[in-house]
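Results of the structural survey
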Amino acid sequence: MAAKPLIPRMHLWEIDDQPWFPSFLRAYVQTGLTHAWTVHVPIVQPSSPATIVAEILRRVLGDRVSRHTYIDFCAGAGGPTPFIERALNKQLESATTHTVPATASAGVIDGESKAASESTPSYAAVANPEAKSATVHEEDTAVDFVLTDLHPHVESWEAAAKKSDRLTYISHPVDAARAPADLLRRYGRKDGSGKGIFRLFNLAFHHFDDNLARSILKNTVETSDGFGIFELQDRTVTGLLTCFAFGFFIFLIAPLLYWWSPLRLFWIYVVPIVPFVLVFDGLISCLRTRTADEVEALLRTCGADSDGWEVQSGKEQFLWPCGYLNWIICTKKTT
């Protein structure tokens, strides 16, 4: 059990969630959050947080990573999920496509057979002496991602889906606490076959109060094979400092990202509402973010049978010196 944070969890309100906040400014803030997930600044970042999420999914789930359809139940305007999809499928493609020498027998690679293959030409090599190497493609392990939300952003999702055959969306409202039957039938396991549903909550789970979080977890346990919670903040001093660092980086890189939009730059530099909201809401998000132990406590008291579920968690640095991506992955032990 990890040490309990010194800062207690406080479910306070964020500006971006308020109905009175202008919709055009909300769009600018959400774009800024998307860039927080997807931009990679060399030297101070090993890679973008979206790429790190893909690496975590592949590492933690192992060979099970290709057995799921990944559904983002709080996709907003799209967020990092389209980028996670491309990064994960690219990693899976690299892992299942490799080059072997033409003199090697494709079916025998290890132990004594491998040693023998280094000196004994294969039939293919004898038949085609000019061949230097061959690329071996294993079975397709690519995975599908689906964008959903209680308030769909169909226009943004449609644009994102056009960039990948593995990304789709649901155009009608989807309640994460009551997943629609048609969605479950379409993407869930059928008669024990097919792929299971893995739910994604990217920078989202901290928005739910305890009662709603339990309802969502109950529905998840009853209808899915796993879920992942990914947050760019936590209730630590370094988490709070990262929010201020993020505000500083916005001022540094905004001209590179938004040079084509003088209006966006106006609301960043002249009247800096966008960076203020991003920093303020980031600080509140820190106070709302749960630890893995707190999420597991909600899971075990959600009203569904979670005895066969396993919780794993950790953190990965995404921004020097103090930015850490916190992750919680929970799956059925038999999945």
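On to the overall build of the protein. Secondary structure assignment for the protein yields 12 helices and nine strands. Counting all 335 residues of the protein, 47% fall into the buried class. Pairs at least 24 apart in sequence give 72% of the contacts found in the protein among residues at least 6 apart. Counting every atom, the protein has about 17000 Å² of accessible surface; 59% of that belongs to carbon and sulfur.

Its place among the elements puts Arg26 in helix α1 (residues 23-38). For Arg26, the side chain forms a polar contact with the main-chain oxygen of Phe21, separated by 3.3 Å. For Arg26, the contacting residues outside a window of four places in its chain are Asp16, Gln18, Pro19 and Phe21.

Ordered by their spatial adjacency, seven strands build an open sheet running β5-β4-β1-β6-β7-β9-β8, and the pairing between neighbours is mixed. The open sheet is flanked by β5 (167-169) and β8 (309-319), the only strands paired with a single partner. Across this sheet, the average inter-strand angle for adjacent strands is 20°, counted without regard to direction. Pairing between β8 and strand β9 (residues 323-332): 10 bridges, direction antiparallel. When the sheet's bridge partners are listed, Glu310 is paired in β9 with Thr331. Contacting β4 (145-147) and β5, helix α6 (residues 154-161) crosses the sheet at an angle of about 160° to β5. Sitting on the sheet, helix α8 (residues 210-223) touches β6 (196-202), β7 (226-231), β8 and β9, and the angle it makes with β6 is about 155°.

With six of six residues buried, β7 lies mostly within the body of the structure. On β7, burial covers both faces: Gly226, Gly228 and Phe230 on one face and Phe227, Ile229 and Glu231 on the other are all buried. Pairing of β6 with β7, which is carried by five bridges, proceeds in the parallel orientation. Along β7, the bridge assignment pairs Phe201 with Ile229. Handedness of the β6-α8-β7 crossover: right-handed. In the sheet, β7 pairs with β9 via six bridges, with the strands oriented antiparallel. The partner of Phe227 across the bridge, within β9, is Cys330.

Right, let's talk about the pattern of salt bridges for a bit. Side chains that carry opposite charge are capable of pairing whenever their charged atoms lie near each other. A full pass over the atoms with the stated rule returns 13 salt bridges. A salt bridge links Asp17 to Arg288; the nearest nitrogen and oxygen atoms lie 3.6 Å apart. Of this pair, Asp17 sits in the segment before α1 while Arg288 sits in helix α11 (residues 273-288), and the two are 271 residues apart along the sequence. Take Asp17: its relative accessible area is 39%, and that puts it in the partly exposed class. Overlapping salt bridges, with partners in common, bring together Glu14, Asp17 and Arg288 in one network.

Attention shifts here to the environment of Gly323. Within the secondary structure, Gly323 sits in strand β9. Residues Gly323 and Gln45, spaced 278 residues apart in sequence, show a C-alpha to C-alpha distance of 9.2 Å. Apart from residues no more than four positions distant in its own chain, Gly323 is found in contact with Thr242, Glu316, Gln317 and Phe318.

Our focus in this paragraph is the state of the cysteines. What the rule picks out here adds up to zero disulfides. No disulfide involves Cys243; its sulfur sits 3.6 Å from the nearest other cysteine sulfur, which is in Cys286. On the accessibility criterion, Cys243 (9% relative accessible area) is buried. You can see Cys330 has no disulfide; the closest cysteine sulfur is in Cys302, sitting 9.5 Å from it. Residue Cys330 is classed as buried on the basis of its relative accessible area, which comes to 0%.

What counts and how
Residues numbered from 1 in each chain as written. Predicted model: local features only at pLDDT ≥ 70, side-chain atom pairs only at ≥ 80, totals over all residues. Heavy atoms only, no water. Helix = DSSP H or I, 4+ residues; strand = E, 2+ residues; numbered from the N terminus. Buried < 20%, exposed > 50% of the residue type's maximum accessible area, 1.4 Å probe, protein only. Contact = heavy atoms within 4.5 Å. Areas by Shrake-Rupley, 256 points an atom, 1.4 Å probe, with all protein chains shown as cover. Polar contact = N/O pair within 3.5 Å; in protein donor to acceptor, adjacent residues only side chain to side chain. Pairing = 2+ DSSP bridges. Axes fitted to C-alpha atoms, helices over the stretch in contact; angles between N-to-C directions. Right-handed = clockwise from strand over helix to strand, strands pointing away. Salt bridge = Lys/Arg side-chain N within 4 Å of Asp/Glu carboxyl O. Disulfide = S-S within 2.5 Å.

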